Number of protein chains: 2
Amino acid sequence: MKKTIITISRQFGSGGRTIGRKVAEKLGIPFYDKELVEQVALESGFAPKFVEENSEHSPGKSLLSYAFAPQGVPGVMKGLSTADFLWNIQCGVILQLADQGPCVIVGRNADYILKDREDVLHVYIHADMDYRAERIVRLYGDSEKSPETRLKEKDKRRAVNYQHYTGRTWGASENYDLCINTASISEDKAAELIIALMNE
Amino acid sequence: MKKTIITISRQFGSGGRTIGRKVAEKLGIPFYDKELVEQVALESGFAPKFVEENSEHSPGKSLLSYAFAPQGVPGVMKGLSTADFLWNIQCGVILQLADQGPCVIVGRNADYILKDREDVLHVYIHADMDYRAERIVRLYGDSEKSPETRLKEKDKRRAVNYQHYTGRTWGASENYDLCINTASISEDKAAELIIALMNE
């Protein structure tokens, strides 16, 4: 089946978001990164019913049919932690974005959320510590913590979050169609490989 | 640095060997699969000194300078298990093959053995159980055991062997430059992606 949607999971500092943006631009399709998905989820305003139904991760529910419902309804979180509450909403948002047509989605465990759709190409971008450390200092500057410490903390947090919500191991190649190491394959080349697969 | 050598690690039944052969043919470079490396190791005839030195996995030793030495010298295995003995010899063979120039090497943990060479592209080929089960029955026929049982046994053996000799986790994307899932990316396309990276 032809792939029209791309999910990009990535290690912090590996350049996955940059690659995702390049791919989306070249293909002329929407690009959603983690922050955008979170913003959509938070700004849309969901009815309790939507949240309740999505607590069970039931796919195929229409996000838009519940959007712009009143906020702040008592009991809307149904005892969920804020993280679980947001996770459920984001599942709905990502399923809905995929229903709308071709796009690139970065982060938010979209590989897992869209695992049952055959029209999705799942990509994982990673790189070794040295490469990422140099890159994050170059892009984001220094901080109190060493870049290695920042990376290890981020890696650990992502691995724990991924395991918690998906039951899978973060970075295991079996979760993806394509895994690319940007320490040895340039961002431009990585984008080219992904685009070559979409044009099959 | 330009890559001129390719290692292909693969899950049993994923088509990794076929892809490796296609790549070698297209690039016009030698192709060494696991069986060939084993045969070279066993047929060459090694001096005890070579084996002894290679027990410590010291890289850069010349295989040929010790080849064709007398076989059957007492104490040649120095208390090593046959597997460890063969592993040491194979390390030497693979390092030597890489020294000889561009090639494709399938299996034998060559990704680990050549991890310190910057001119090597490390590829991992995998696919989900259903895809591989159908493929091995089609190619190798039925056997007493179900294809799923055969695959699980092979997967487990490879994972244990890899962990034992490399200390790494089998199938972890971080060990490779490129990981490809042949259940969603065809063997021809996989070969094309690899060749595109060699032509950079």
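Not measured: the values here are computed from a predicted model. (Residues numbered from 1 in each chain as written. Chains lettered and ligands numbered in written order. Predicted model: local features only at pLDDT ≥ 70, side-chain atom pairs only at ≥ 80, totals over all residues. Heavy atoms only, no water.)

### Overview of the packing of helix α6 (residues 129–140) of chain B against helix α7 (residues 147–166) of chain B
Residues and elements named next belong to chain B. Interhelical geometry of α6 versus α7 gives an angle of 105 degrees and a closest axis separation of 9 Å. Between α6 and α7, the angle is such that the two are roughly perpendicular. Residues Met129, Arg132, Ala133, Ile136, Val137 and Tyr140 of α6 pack against Pro147, Glu148, Arg150, Leu151, Lys152 and Asp155 of α7. For the contact of α6 with α7, the per-class residue count stands at 7 nonpolar, no polar and 5 charged. (Axes fitted to C-alpha atoms, helices over the stretch in contact; angles between N-to-C directions. Helix = DSSP H or I, 4+ residues; strand = E, 2+ residues; numbered from the N terminus. Parallel < 35°, antiparallel > 145°, perpendicular 65-115°, else oblique. Contact = heavy atoms within 4.5 Å. Nonpolar A, V, L, I, M, F, W, Y, C, P; charged D, E, K, R; others polar.)

### A look at the interface of chain A and chain B
Between chain A and chain B, the contact holds 21 residues from the first and 21 residues from the second. Buried area between chain A and chain B, summed over both chains or domains, comes out near 1,700 Å², and the portion from carbon and sulfur atoms is 55%. Of all residues in chain A, the largest losses of buried area upon contact with chain B belong to Ser173, Asp177 and Lys189 of chain A, amounting jointly to 27% of the total for that side. The tally of links from chain A across to chain B stands at 0 salt bridges. For the pair chain A and chain B, the interface holds 11 residue pairs in polar contact (both at pLDDT 80 or more). If you list the elements that add at least two residues to the side of chain A that touches chain B, you get β4 (120–126), β5 (178–181) and α8 (187–198) of chain A. Split into classes, the residues belonging to the side of chain A that touches chain B amount to 10 nonpolar, 6 polar and 5 charged. (Buried area = accessible area lost by both parts, 1.4 Å probe. Salt bridge = Lys/Arg side-chain N within 4 Å of Asp/Glu carboxyl O. Polar contact = N/O pair within 3.5 Å; in protein donor to acceptor, adjacent residues only side chain to side chain.)

### Quick word on the nonpolar core
In this structure, Ile194 of chain A together with Ile194 of chain B are the most contacted members of the largest nonpolar core, which totals 44 residues. Not counting the four nearest positions on each side in its chain, Ile194 of chain B is found in contact with Ile6, Ile8, Ile19, Val23, Leu121, Val123, Leu178 and Ile180 of chain B. (Core = buried A, V, L, I, M, F, W, Y, C linked by side-chain atoms within 4.5 Å. Buried < 20%, exposed > 50% of the residue type's maximum accessible area, 1.4 Å probe, protein only.)

### Here we look at the pairing of strand β4 (residues 120–126) of chain B
All names here are of chain B. For β4, the tally of buried residues reaches 7 of 7 residues, placing the bulk of the element in the interior. In this structure, strand β1 (residues 5–10) lies alongside β4, joined through 6 bridges in parallel fashion. Bridge pairing in β4 places Ile6 opposite Leu121. (Pairing = 2+ DSSP bridges.)

### Points about the sheet that holds strand β3 (residues 103–106) of chain A
Judged by pairing direction, the sheet is mixed, and its 10 strands sit side by side in the order β2(A)-β3(A)-β1(A)-β4(A)-β5(A)-β5(B)-β4(B)-β1(B)-β3(B)-β2(B) without closing on themselves. Lying at the two open borders of the sheet, with one neighbouring strand each, are β2 (31–32) of chain A together with β2 (31–32) of chain B. Packed onto the sheet, helix α1 (residues 16–27) of chain A meets β1 (5–10), β2, β3 and β4 of chain A and runs at close to 165 degrees relative to β1 of chain A.

### Looking at the relation of the copies chain A and chain B
Placing chain A over chain B gives an RMSD of 0.0 Å and needs a rotation angle of 180 degrees, together with 0.0 Å of translation along the axis. Here the transformation between the copies is reduced to the relation of a two-fold axis. Mapped onto chain B, 100% of the interface residues of chain A are again interface residues, and the two copies thus contact each other with one and the same surface. (Least-squares fit on C-alpha atoms with pLDDT ≥ 70 in both.)

### Some remarks on α1 of chain A
Residue and element names in this part refer to chain A. For α1, which comprises 12 residues, the first-to-last C-alpha distance of 16 Å matches the rise-based estimate of 16 Å (1.5 Å per residue) to within 8%. Of all the positions in α1, only Gly16, Ile19, Gly20, Val23 and Ala24 are classed as buried. Down the axis of α1, the buried side of the element spans an arc of 135 degrees, and every buried residue falls inside it. For α1, the exposed residues set more than 90 degrees away from the buried face come down to Glu25 and Lys26. Where α1 is buried, its residues contact β1, β2, β3, β4 and α8. (Expected span 1.5 Å × (residues − 1). Arc of directions from axis to C-beta.)

### Describing the side chain of Thr7 of chain A
Residues and elements named next belong to chain A. Note that Thr7 resides in strand β1. The exposure class assigned to Thr7 is buried, which follows from its relative accessible area of 1%. Ignoring sequence-local partners within four residues, the contact set of Thr7 consists of Ile105, Ala110, Asp111, Leu114, Val120, Leu121, His122 and Val123.

### Examining unusual backbone geometry
As a rule of thumb, non-glycine residues mostly have phi less than zero, and peptide bonds are mostly trans rather than cis. Phi at Arg108 of chain A is positive, roughly 55 degrees, even though this residue is not glycine. Under the relative-accessibility criterion, Arg108 of chain A is labelled buried at 18%.

### Some words on the packing of aromatic side chains
Both the distance between ring centres and the angle between the ring planes are used here to describe each pair of aromatic rings. Residue and element names in this part refer to chain B. Applying the stated rule across the entire model yields 10 aromatic pairs over all chains. Ring centres of Phe12 and Tyr140 lie 6.1 Å apart, and the angle between their planes is 10 degrees; this geometry places the pair in the stacked category. Of the two residues, Phe12 sits in the loop between β1 and α1 (16–27) while Tyr140 sits in helix α6, which places them 128 residues apart along the sequence. For Phe12, a relative accessible area of 16% corresponds to the buried category. (Phe/Tyr/Trp six-rings, centres within 6.5 Å; stacked < 30°, edge-to-face > 60°.)

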